[in-house]
Amino acid sequence: MYTFTDRGERSLTLRPEGTAPVVRSFLEHKMYGQALPVKMYYVGPMFRYERPQAGRYRQFYQFGVEAFGSADPALDVEMITMPIHVYRELGLEGFEVHVNSIGCPKCRPQYRELLRRYLEPHKDELCGSCQSRYERNPMRILDCKVASCQALTAEAPLMADHLCDECREHFAGITSYLQELDVAVVHNPRLVRGFDYYTKTVFEIKVPDLGAQDAVGGGGRYDGLVAEMGGPSVPGVGFAVGMERVLLALDKEGAKTLTRPGLDGFVAQFGGESKRHAVALVHKLRQAGLRVDMDYMERSLKAQMKAADRGRVSWVLFLGADELAQGVARVRWMDTGEEESIGLAEAAVYLRTKKEARS
RNA sequence: GUGGGUAUAGCUCAGUAGGUUAGAGCGCCAGGUUGUGGCCCUGGAGGUCGCCGGUUCAAAUCCGGUUACUCACCCCA
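Rules used throughout
Residues numbered from 1 in each chain as written. Chains lettered and ligands numbered in written order. Predicted model: local features only at pLDDT ≥ 70, side-chain atom pairs only at ≥ 80, totals over all residues. Heavy atoms only, no water. Helix = DSSP H or I, 4+ residues; strand = E, 2+ residues; numbered from the N terminus. Expected span 1.5 Å × (residues − 1). Buried < 20%, exposed > 50% of the residue type's maximum accessible area, 1.4 Å probe, protein only. Polar contact = N/O pair within 3.5 Å; in protein donor to acceptor, adjacent residues only side chain to side chain. Phe/Tyr/Trp six-rings, centres within 6.5 Å; stacked < 30°, edge-to-face > 60°. Lys NZ or Arg CZ within 6 Å of the ring centre and 35° of its normal.

**A few points about helix 2 (residues 73-90)**
Reasoning step 1: Its 18 residues give helix 2 an end-to-end C-alpha distance of 27 Å, which sits within 8% of 26 Å, the value for a rise of 1.5 Å per residue.
Reasoning step 2: Taken residue by residue, helix 2 has Pro73, Leu75, Asp76, Val77, Met79, Ile80, Thr81, Pro83, Ile84 and Tyr87 as its buried positions.
Reasoning step 3: The backbone nitrogen of Ala74 lies 2.8 Å from a side-chain oxygen of the residue at the head of helix 2, namely Asp72.
Reasoning step 4: Phi turns positive one or two residues past the end of helix 2, at Gly91, with a value near 95 degrees.

Structure representation (structure tokens):
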């Protein structure tokens, strides 16, 4: 975690994720007294200390959802499908959803021991980090990237085969809901998320094209966390999405979602009196809710047109001496090149109406 | 914390037997059209060659150091 001492000699730590803070908030405000489940979302910056690399920044942005109070597998499914909806909405395609159950305090300890016993004879053959994982968290050996470790665990016992009745039923419930909803997921029995507060369900959404840091979102159930943090025994489930990674993935897929929206229009003027009117007109158009710009560089009309084109505007208003004399402006529609005259007094309403008609 | 790579114009990058005014494409500005965009043509502006030091008559180029960025490992709460 990113911990440092500030000028007041206080030790500060920047939050690395959103779930624990949301749980604290849930407790502080005694939300377990409200109608359950309580659902919350958050959006904001998170921080990590580890060296940055592709898709892993010191400061990054996450949004997430947490739901407290129900152990129903349908709620797990809601948390799994919600980020999927978001990705689809954004136009992301190349992602896969991995789902697994890592058991609960009733069945996981036994399984963990089973795994240890299985690996014990091969302990010396494990890679360096897996040897320490053997002591600390043997389940993480299952998703080690080192080939020799993968070979050693190829036939290892899996949590899926050693879940207690409750966990097995819960996972079966999730599987059947997902099937019913026709949501394609990969049951990945080796998926072990880093957080140890998870119980039963864990899931992760990966974009294989992203490189070493390929998870764009993930989550799981944490039925013991609220109690662990000093609250009543309230189950919870949630997910978080890393926004930069989603952007990277969209960028890689060439998604059109990332294109910057243009302005509505541009007011071109010819200097002198027309500039004074342009300033006033731009102000008026903006007040009408239109996104408008004008030239502030004393540029030629041709240059103003180029600027308008760069801003990908729908229209350009020309304010010249001739127009001003008649109290009108010329409107040029940039896609067709057609022009028309519009009274200065009606311009804002007219253009606003046109905009609404288009969208 | 460990290892590799990179650093030259606003951007993406060329540029070694060390040799004069360091280049291209794109972008930007102007003109070709004395009041009209996209395409095209012409011209222009813009660079401490990351920084410090060394070798040399001469360093973007060679050597040492340093900083930043980057990819991966570690880690992923």
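**A closer look at the packing of aromatic side chains**
Reasoning step 1: The tally for this structure, following the rule as stated, stands at eight aromatic pairs.
Reasoning step 2: Centre to centre, the rings of Tyr2 and Phe4 are 6.1 Å apart; their planes meet at 80 degrees, and the pair counts as edge-to-face.
Reasoning step 3: An angle of 75 degrees between the planes, with centres 6.0 Å apart, marks the rings of Tyr197 and Tyr222 as edge-to-face. Remark: Tyr222 occurs in the loop between strand 8 (215-221) and helix 7 (225-228) and Tyr197 occurs in the loop between strand 6 (186-187) and strand 7 (199-206); sequence separation between them is 25 residues. The two residues Tyr197 and Tyr222 agree in class, both being buried.
Reasoning step 4: Following the ring pairs from residue to residue traces out a cluster consisting of Phe26, Tyr32, Phe68, Tyr197, Tyr198 and Tyr222.
Reasoning step 5: It is Arg48 that lies over the ring of Phe60; its NZ or CZ is 4.3 Å from the centre.
Reasoning step 6: Above the ring of Tyr49, the side-chain terminus of Arg58 is found at 5.8 Å from the ring centroid.

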